[in-house]
Amino acid sequence: MDIKIRKSSPLQIKTSCMVIGLCEKDFTAPLLKELDQKLGGLLLKAKRNGEFSAKEGEQILFQPAGHLPAERVLLVGLGQAEKITDEKVRRAAGQAMNMVTERNFGQMAFALPFQYAENEHTAPFQALTEGLLLASYRYDLFLGEETKNARKLPKAVTLIITEGQDKKSCEATVENARKICQAVILTRDLVNAPGNIKSPAYLAEQAQAAAKQSTLNCTVLGQKELAEEGCGALLGVAQGSAREPHLIILEHKGGHKDEAPVALVGKGVTFDSGGISLKPGEKMDEMKMDMAGGAAVIGTMLAASLLELPVNLVGIVPAVENMPSSTAYRPGDILTSLSGQTIEVLNTDAEGRLILADALTYAKRYEPKLVVDLATLTGACIIALGHHATAVLGNDQELVDALLEAGDDSGERLWQLPLWEDYDQQIKSDVADVKNTGGRPAGIITAAAFLKKFAKDFNWAHLDIAGTAWRDQSTPYTPKGGTGVGVRLLIAFLKNLSNTN
Ligand code: BES
Ligand code: MN
Ligand code: ZN
């Protein structure tokens, strides 16, 4: 989908659908008075009727019948001007894209003539582009041509800028947003891919493909190398599956060569049946998404490379399949992790923390300045926070604070939970250094307390994305299925980090 930028009045654009985003106070603006006149008073009538008053989420469509160059005018509400955020712009853009696509309008132009008019900062164009591109995404790889083609995206989208705005810098902002969206879409595609296709090897191939279309370096370790390394925890999980496990490593060298890298670690369980501690059948299909942390790491690495972020990064994705079989690991097994610490397995369904343990230990050899891991780690996270926030915990408050801030900046919000030593009690084992479950209370925290034992040597934060990586209901710019969560968050985090350095 082509996105062009034009400097013009929204009332002078020839298009099949002119979308205007506005706040509640904007009804008094001269532009809206003029629009109301061209619409024969219908706009102010709609306001009087309570049909449309520019509240957040409201939309109204007019057909100006020849009084304007545009065939249709779609107004989208952004709520109170004092409370406007990028996230509201993203949602409004997504909503408009959905209507234009559903009704097959063919074209659209989008203007935000008011709230950002006086300041030349181009942030809304990033949010706007993200809303448009992410809303237009569908996972349609396995749909027939006819079904696929029935959905008609607009062929052209024009973003309208006002007198005071600089076209060049807006274009650059849109281009950057496009790169971020490309990475989010790769992440969504990986998460949505079915388990029969998505083996650990497939994930590794996709990481290699991402490296090929960018400046990333990609290394993939197989079973033999992992055994030589001594990744006993990862290999324990993998041994029930006929598919070979892999450790995927991506590198981005955008910073000074002596600068310590940021390490990103993502859980890559390509299908989580639970293993011998088998999950119930209901919704087990959704466990193809259990590699969403790994997919977010691959996506973030791609985006960082495309954007040429001035930081050094290492992305590490342990990729395995968790299956029950006669070769599978069992409850009661004791595994020796890469760190040397032994782990008593009480539940083979608590596999994510096992593979992350070895991946975190592996990260240490890069002498990272900080490590962030992302994982669909616990069902408890969905119970605690639902689908609206990722849980964050860590051993360094400054890092957690920086992530919380990036969450607000990107709209991928985080909520912190404590990681007090008191919780360590729950994962003490009688026969090994640690056990892999902590019982029912505080499931998110005991999972993080487990990881903490493998992250002693660096500043570290853990993101539990179990509730945010997958949705069974669509929202304005996120259709059902994989959300691609983590990519926009981490890019915002890395941008902030490189600005403050
Ligand atoms: N992948 C699951 C967590 C999960 C559940 C993610 C639902 C997304 C949706 C994880 O491997 C798991 O099974 N965790 C167990 C841990 C328990 C056995 C300690 C859980 O949360 O039940
Ligand atoms: Mn599990
Ligand atoms: Zn899992």
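Structure shown above.
S.K.: Help me out: how do you make sense of the overall build of the chain in this one?
M.R.: On a plain count of helices and strands, the chain comes out with 15 helices and 20 strands. Against the 2.2 N^0.38 benchmark of 23 Å for 501 residues, the chain shows a C-alpha radius of gyration of 24 Å, consistent with a compact globule. Projecting the C-alpha coordinates of the chain onto the three principal axes gives extents of approximately 80 × 50 × 45 Å. For the chain, the residues scored as buried account for 59% of the 501 residues in total. Taking as baseline every contact in the chain between residues at least 6 positions apart, the subset at least 24 positions apart corresponds to 77%. Counting only carbon and sulfur atoms, one obtains 49% of the accessible surface of the chain, whose full area is about 20700 Å². Between the centroid of the 53 positive side chains of the chain and the centroid of its 61 negative side chains there is a distance of 7 Å.

S.K.: What should I look at first to understand the sheet that holds strand 13 (residues 342–344) in this one?
M.R.: Strands in a sheet are paired, the pairing made by backbone hydrogen bonds, and the direction either parallel or antiparallel. The strand order across the open sheet formed by three strands is 12-13-17, and the pairing between neighbours is mixed. Looking at strand neighbours, the two that pair on one side only are strand 12 (334–336) and strand 17 (434–435), the edges of this open sheet. Here strand 12 pairs with strand 13 via three bridges, running antiparallel. Bridge assignment links I334 to a residue of strand 13, and that residue is E344.

S.K.: Any chance you could explain helix 15 (residues 487–500) here in plain terms?
M.R.: The terminal C-alpha atoms of helix 15 lie 20 Å apart, and with 14 residues this matches the ideal 20 Å at 1.5 Å per residue to within 8%. Here helix 15 lies mainly inside the structure; 10 of its 14 residues are buried. Within the sequence span of helix 15, burial applies to V487, R488, L489, L490, I491, A492, F493, L494, L497 and S498.

S.K.: When you look at the packing of aromatic side chains in this model, what are you seeing that I'm missing?
M.R.: We describe a pair of aromatic rings using the distance from one ring centre to the other and the angle between the two ring planes. Considering all chains together, one arrives at five aromatic pairs under this definition. Ring plane angle 50° and centroid distance 6.4 Å describe the contact between Y362 and Y366, whose orientation is recorded as tilted. When its relative accessible area of 6% is taken as the criterion, Y362 is described as buried. Above the ring of F27, the side-chain terminus of K47 is found at 4.8 Å from the ring centroid. For the cation-ring pair, R72 lies above F105, with the distance from its terminal atom to the ring centre recorded as 4.0 Å.

S.K.: Explain a negative patch on the surface to me, please; I cannot follow it from the model alone.
M.R.: A surface patch of negative charge is lined by E398, D401, E405, D408 and D409. For E405, the position within the fold is in helix 13 (residues 397–410). Exposure remark for E405: the relative accessible area of 48% places this residue in the partly exposed category.

S.K.: Looking at this structure, how should I read the environment of N436?
M.R.: Its place among the elements puts N436 in the loop between strand 17 and helix 14 (443–452). N436 gets classed as buried once you look at its relative accessible area, which sits at 0%. Each C-alpha atom, one on N436 and one on L346, is 6.2 Å from the other, the two residues being 90 residues apart in sequence. Excluding anything up to four places from it in sequence, N436 contacts I343, E344, V345, L346, N347, A350, R353, L354 and F450. A polar side-chain atom of N436 sits 2.8 Å from the main-chain amide nitrogen of L346.

S.K.: It is not clear to me how the site of ligand 1 should be interpreted in this structure. Could you clarify?
M.R.: By nearness alone, 17 residues border ligand 1, and K279, D290, D349, E351 and G379 come closest of all. Expressed as a share of its isolated accessible area of 520 Å², the protein-covered part of ligand 1 is 79%. A per-class count over the shell around ligand 1 returns five nonpolar, five polar and seven charged.

Reading the values: rules and limits
Residues numbered from 1 in each chain as written. Chains lettered and ligands numbered in written order. Predicted model: local features only at pLDDT ≥ 70, side-chain atom pairs only at ≥ 80, totals over all residues. Heavy atoms only, no water. Helix = DSSP H or I, 4+ residues; strand = E, 2+ residues; numbered from the N terminus. Rg over C-alpha atoms; globule rule 2.2 N^0.38 Å. Buried < 20%, exposed > 50% of the residue type's maximum accessible area, 1.4 Å probe, protein only. Contact = heavy atoms within 4.5 Å. Areas by Shrake-Rupley, 256 points an atom, 1.4 Å probe, with all protein chains shown as cover. Lys, Arg positive; Asp, Glu negative; His and termini not counted. Charge placed at Lys NZ, Arg CZ, Asp CG, Glu CD. Pairing = 2+ DSSP bridges. Expected span 1.5 Å × (residues − 1). Phe/Tyr/Trp six-rings, centres within 6.5 Å; stacked < 30°, edge-to-face > 60°. Lys NZ or Arg CZ within 6 Å of the ring centre and 35° of its normal. Patch = residues over 30% accessible without salt bridge, like charges linked within 9 Å, V, L, I, M, F, W, Y side chains within 5 Å. Salt bridge = Lys/Arg side-chain N within 4 Å of Asp/Glu carboxyl O. Polar contact = N/O pair within 3.5 Å; in protein donor to acceptor, adjacent residues only side chain to side chain. Near = heavy atom within 4 Å. Nonpolar A, V, L, I, M, F, W, Y, C, P; charged D, E, K, R; others polar.

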